[in-house]
Amino acid sequence: MDPDVPGIQKRRKEDRPSGRLRKGMYILPSLFTAANMAMGYYAILQVTHATAAEPWHFDFAAKAIGFAVLFDGLDGRIARMTHTSSDFGRELDSLADVITFGVAPALLAWMWGFRQLPVFLGSSELTGKMVQLGAISSFLFMMAGASRLARFNIVVNPQPSNPGRPGKKYFVGMPIPAGAGVVAAVVHFSGGDPIASLWSCVTWMLIVVAVGYLMVSTWRFYSFKDIDFRSRQPFQLVILLGLLFAAIWFFSQWVLFVIALAYTLSGVFWRLQWIFRRKRNLPPPTYKEASQTS
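On a predicted model such as this, the values are computed, not experimentally measured, just so you know.

Caption draft 1: Summary view of the overall build of the protein chain. From N to C terminus, the protein chain includes 11 helices and two strands. Reading the protein chain from its N terminus to its C terminus gives the helix and strand order α-α-α-α-α-α-β-α-α-β-α-α-α. Considering the protein chain as a whole, with its 294 residues, one finds that 34% of them fall into the buried category. Put simply, of all contacts in the protein chain between residues at least 6 apart along the chain, 84% involve residues at least 24 apart. As displayed, the protein chain offers around 18,200 Å² of accessible surface, 68% of which is attributable to carbon and sulfur atoms.

As structure tokens, then:
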């Protein structure tokens, strides 16, 4: 059939999507990704200006990371709702996440938890070692987050080591926005005041390393992707969401800290639940094993 026939050309033009509409819809999720990246850049700027005399810069950086978590959740959901997902958008989102949820929280964790320690404790060999160990732990956090993103991009159907119920939506390993949210929530909970004691510094180091491990683990974390905002929702759910937003607005320090802590412990809880369930449901011994023990 001749492709130059006018009827065929007309059908091809009709089947071709409107370029202006598709470009406009692709811009929408990219704007939220750009806002995510802007918040990460702003957080880095605030961290570089923060000192023990001006601790509010740490709090501003933590708030910026918190807003970035919101923007990161919106860009992917909007892309799916408007059917504008693309390889370019996914790659741009991953690069933005490395900056905002990898570099920015790692720098915040080090400057807030370790770098200001000599100001309070004075110069000593132990304090210097803690600053160095803090830099290493912060780097491990950033490396774990980048590795988590790389695994998420290449694995088509990741399987957790503690699978949940069929059909339940979950992440394999803690997502990097949640890991950055833990760092930001702890800093915001303190009001930006940096750590001033050695034992608090050690505790903070363990928290940073533990969150980094959870990101590269294969433990199960709830993804909230099964919540469809396009469908009808119970009125009670709308009321609960409204109360949650109001609580965050008026009591952000406590509420965000509790949310970050609860989400982190949820992965640990599901992991322990799977371990105990597997021990209770051990398979019966084989004939050979039974004969050896008798």
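There is more to say, and it comes next.
Caption draft 2: Helix H6 (residues 125-154), seen in detail. The terminal C-alpha atoms of H6 lie 44 Å apart, and with 30 residues this matches the ideal 44 Å at 1.5 Å per residue to within 8%. Taken together, the buried positions of H6 are Thr127, Met130, Val131, Gly134, Ser137, Ser138, Phe141, Ala144, Gly145, Arg148 and Leu149. Those residues of H6 hidden inside the fold are in contact with helix H4 (87-115), helix H5 (117-121), strand S1 (170-172), helix H7 (176-189) and helix H8 (198-216).

Caption draft 3: The packing of aromatic side chains, seen in detail. Throughout the structure, instances matching the rule amount to six aromatic pairs. Each ring, one from Phe189 and one from Phe257, has its centre 4.5 Å from the other, and the planes form 25°; the classification is stacked. Taken together, the positions of Phe189 in helix H7 and Phe257 in helix H10 (residues 252-280) put the pair 68 residues apart, joining distant regions of the chain. Under the relative-accessibility criterion, Phe257 is labelled partly exposed at 24%. With a centroid separation of 5.9 Å and 90° between ring planes, the pair formed by Tyr213 and Trp219 is classed as edge-to-face.

Caption draft 4: A look at the environment of His83. Secondary-structure assignment places His83 in the loop between helix H3 (56-81) and H4. With 57 residues separating them in the primary sequence, His83 and Tyr26 have C-alpha atoms 9.0 Å apart.

Caption draft 5: Summary view of the pattern of salt bridges. In total, this model carries one salt bridge according to the counting rule given. Here Asp59 makes a salt bridge to Lys63, at a shortest N to O gap of 3.7 Å. You can see Asp59 and its partner Lys63 sitting in helix H3, four residues apart, about one turn around the helix.

So, how was this worked out
In this convention, every chain numbers its residues from 1, walking through the sequence in written order. Owing to the predicted nature of the model, reporting of local features is limited to residues with pLDDT of at least 70; listing and counting of side-chain atom pairs is limited to 80 or more, with chain, interface and lining totals taken over all residues. To get the side-chain values, take all heavy atoms of the structure and skip hydrogens and water. Elements are defined by DSSP. Helices are runs of H or I of four residues or more, strands are runs of E of two residues or more, and each kind is numbered from the N terminus. Each residue's exposure class comes from its accessible area (1.4 Å probe, protein chains only) as a fraction of the maximum for that residue type: buried when under 20%, exposed when over 50%, partly exposed otherwise. Contacts between residues were defined by any pair of non-hydrogen atoms, one from each residue, lying within 4.5 Å. Using a 1.4 Å probe, accessible areas were evaluated by the Shrake-Rupley method; residue-level cover was limited to the displayed protein chains. Every helix has an expected span of 1.5 Å times one less than the residues it contains. For this analysis, a ring pair means two rings from Phe, Tyr or Trp (six-membered ring only for Trp) whose centres lie within 6.5 Å, classed as stacked if their planes differ by under 30 degrees, edge-to-face if by over 60, and tilted for the remaining angles. Salt bridges are counted wherever a side-chain nitrogen of Lys or Arg sits within 4 Å of a carboxyl oxygen of Asp or Glu.

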